Amino acid sequence: MKRIARGEPEAVRQMVSSSMPRIWALAVRVLGDATAAEDVAQETVIRAVRKAPDWTGGTARLDTWLHTVALNLCRDRLKRRREIVTEKIPESADPSISAEAAMIEAERSRDVAAAIKALPERQREAIILVHYQELSGVAAAAALGISVEALESLLARGRRSLKQRFLDEERGDG
Amino acid sequence: MADGMDIEHFRRLAESYGAIIERWPEALRPAARIAAQSLEGQEIIEKERALDETLDLWSVPVLSADLARTTGDKTLASHQKILRRMRLWWTGIGVAAALSGALTGTAATALMWQAPQPYTSTVFGDLDDGDN
């Protein structure tokens, strides 16, 4: 961050290339919209660069800070939208699997996405941060502005709901 | 009770963080690993692993390298613009300070300036004051 504050171009590019894919992945999962996720990711890294002169934390804190900012930007967008847009995410084609297998995989992916989107907002965010973004409990709690105990409660409730939903779906299919 | 960790505590952690103990709070991992070796611990882990694997089915594409590069260039351009403005601002402060100093100096010089002495003036008085 010191190098970024000094205006070193390579430092800026490195920060963007290392942070942006991760932040984009978070925004895609929260927003369900790849284009909106691009905007959020770009805005997040631009804010990080602007913050560089005042930055006092280390790399781990930067990751938490980026997640906090991105999450808040996502929430702002969702409030404006008043609904969660269902999948506008381009599906990645895996050339190593057959078309039928790819279709099944895509459908299962959509089912899981739908299940997570059906969760209450805070439970959804907690699960996305911990399971998908692999933030530690401390970092995820900080990004959400809650205690670790509160985070663990959100995670447990969210996971319980998901287990029940998938079990019901399985029974329904069977 | 499993060594180092009450099984109910182990269960609560597994239900929150899932089957991968490396994602659990760091300080609790050693005790958790011991608890995970018990029969009950293994059952708990297996149940959460099934959910973890289902959650992993939700995949998102990888961000394109082009977009990351474009964002890097945009961010850099924006950052350099801000740095240039900051330099101009500091330069402006410097100019303002210099001007302020110059004005102060001019005023001081004006105070010290005196009307040019007439040709006949001496330190002993004017030569043509009529006393001689």
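Residues numbered from 1 in each chain as written. Chains lettered and ligands numbered in written order. Predicted model: local features only at pLDDT ≥ 70, side-chain atom pairs only at ≥ 80, totals over all residues. Heavy atoms only, no water.

**Quick word on the overall build of chain B**
For chain B, the count of helices and strands is 4 helices and 0 strands. N-terminal to C-terminal, the α/β element order of chain B is α-α-α-α. Here chain B holds 132 residues, and the buried ones make up 30% of them. Sequence-distant contacts in chain B: of pairs separated by 6 or more residues, those separated by 24 or more amount to 53%. When the accessible area of chain B is evaluated, it comes to approximately 9,100 Å², of which 61% is carbon and sulfur surface. (Helix = DSSP H or I, 4+ residues; strand = E, 2+ residues; numbered from the N terminus. Buried < 20%, exposed > 50% of the residue type's maximum accessible area, 1.4 Å probe, protein only. Contact = heavy atoms within 4.5 Å. Areas by Shrake-Rupley, 256 points an atom, 1.4 Å probe, with all protein chains shown as cover.)

**Remarks on the overall build of chain A**
A tally of regular secondary structure across chain A gives 8 helices and 0 strands. Looking at chain A residue by residue over its 174 residues, the buried ones come to 47%. Sequence-distant contacts in chain A: of pairs separated by 6 or more residues, those separated by 24 or more amount to 66%. In the form shown here, chain A has an accessible surface area of approximately 8,900 Å², with 50% of it arising from carbon and sulfur atoms.

**Some points on the packing of aromatic side chains**
For the structure on display, the rule yields 2 aromatic pairs over all chains. Ring centres of Tyr132(A) and Trp58(B) lie 5.3 Å apart, and the angle between their planes is 80°; this geometry places the pair in the edge-to-face category. Placement of Tyr132(A) in helix H6 (residues 121-132) and of Trp58(B) in the loop between helix H3 (39-55) and helix H4 (65-112) is noted, with the two residues assigned to different chains. Each of the two residues, Tyr132(A) as well as Trp58(B), counts as buried. For the ring pair Phe10(B) and Trp24(B), a centre distance of 5.2 Å and an interplane angle of 55° mean the geometry is tilted. In this pair, Phe10(B) sits in helix H1 (residues 7-17) while Trp24(B) sits in the loop between H1 and helix H2 (29-35), placing the two residues 14 residues apart along the sequence. Trp24(B) matches Phe10(B) in its accessibility class, with the two residues each being buried. One Lys or Arg, Arg29(A), reaches over the ring of Trp58(B) and ends 4.8 Å from the middle of that ring. (Phe/Tyr/Trp six-rings, centres within 6.5 Å; stacked < 30°, edge-to-face > 60°. Lys NZ or Arg CZ within 6 Å of the ring centre and 35° of its normal.)

**Observations regarding the pattern of salt bridges**
For the structure on display, the rule yields 15 salt bridges over all chains. The residue Glu48(B) makes a salt bridge to Lys163(A) at a minimum N-O spacing of 2.6 Å. A residue pair is termed interchain when its members come from two chains, as with Glu48(B) in helix H3 and Lys163(A) in helix H8 (residues 148-173). Classification of Glu48(B) by relative accessible area gives buried; the value is 2%. Between Arg33(B) and Glu22(B) there is a salt bridge, and its shortest N-O distance comes to 3.4 Å. Placement of Arg33(B) in helix H2 and of Glu22(B) in the loop between H1 and H2 is noted, with a sequence separation of 11 residues between them. Its relative accessible area of 36% is what places Arg33(B) among the partly exposed residues. For Glu22(B), a relative accessible area of 47% corresponds to the partly exposed category. Through salt bridges with shared partners, a single network forms among Arg75(A), Glu121(A), Arg122(A) and Glu125(A). (Salt bridge = Lys/Arg side-chain N within 4 Å of Asp/Glu carboxyl O.)

**Regarding the confidence of the model for chain B**
Regions with low pLDDT carry predicted coordinates that are not meant to be interpreted in detail. Residues and elements named next belong to chain B. A residue-level look at chain B finds 49% of positions with pLDDT of 70 or above and a mean pLDDT of 73. When the elements of chain B are averaged for pLDDT, H4 gives the smallest value, 62, and H1 the largest, 97. For this predicted complex, the interface confidence reaches an ipTM of 0.83, while the overall pTM sits at 0.74. (pLDDT = per-residue confidence, 0-100.)

**Observations regarding the side chain of Arg75(A)**
With respect to the helices and strands, the residue Arg75(A) is situated in helix H4 (residues 59-81). Apart from residues lying up to four places away in sequence, Arg75(A) is in contact with Glu121(A), Arg122(A), Glu125(A) and Leu144(A).

**A short note on the nonpolar core**
Core analysis: the largest hydrophobic core is formed by 74 residues, its most contacted members being Leu151(A), Leu162(A), Phe10(B) and Trp24(B). No other element matches the 13 residues that helix H2 (residues 9-31) of chain A contributes to this core. Not counting residues within four places of it along the chain, the set of residues in contact with Phe10(B) comprises Met5(B), Ile21(B), Trp24(B), Ala32(B), Ala35(B), Ala36(B), Gly41(B), Ile44(B) and Ile45(B). (Core = buried A, V, L, I, M, F, W, Y, C linked by side-chain atoms within 4.5 Å.)

**Comments concerning the packing of H2(A) against helix H3 (residues 34-51) of chain A**
Geometry of a packed helix pair, given as the angle between the helix axes and the separation of the axes. Residues and elements named next belong to chain A. As a packed pair, H2 and H3 sit with axes 8 Å apart at the nearest point and diverge in direction by 140°. With respect to their mutual orientation, H2 and H3 come out oblique. The element H2 and its partner H3 pack so that their crossing is right-handed. Contacts from Val12, Met15, Val16, Ser19, Met20, Ile23, Trp24, Ala27, Val28 and Leu31 in H2 reach Ala34, Ala36, Ala37, Glu38, Val40, Ala41, Gln42, Thr44, Val45, Ala48 and Val49 in H3. The class makeup of the residues in the contact of H2 with H3 is 17 nonpolar, 3 polar and 1 charged. (Axes fitted to C-alpha atoms, helices over the stretch in contact; angles between N-to-C directions. Parallel < 35°, antiparallel > 145°, perpendicular 65-115°, else oblique. Left-handed = near helix turned anticlockwise from the far one by under 90°. Nonpolar A, V, L, I, M, F, W, Y, C, P; charged D, E, K, R; others polar.)

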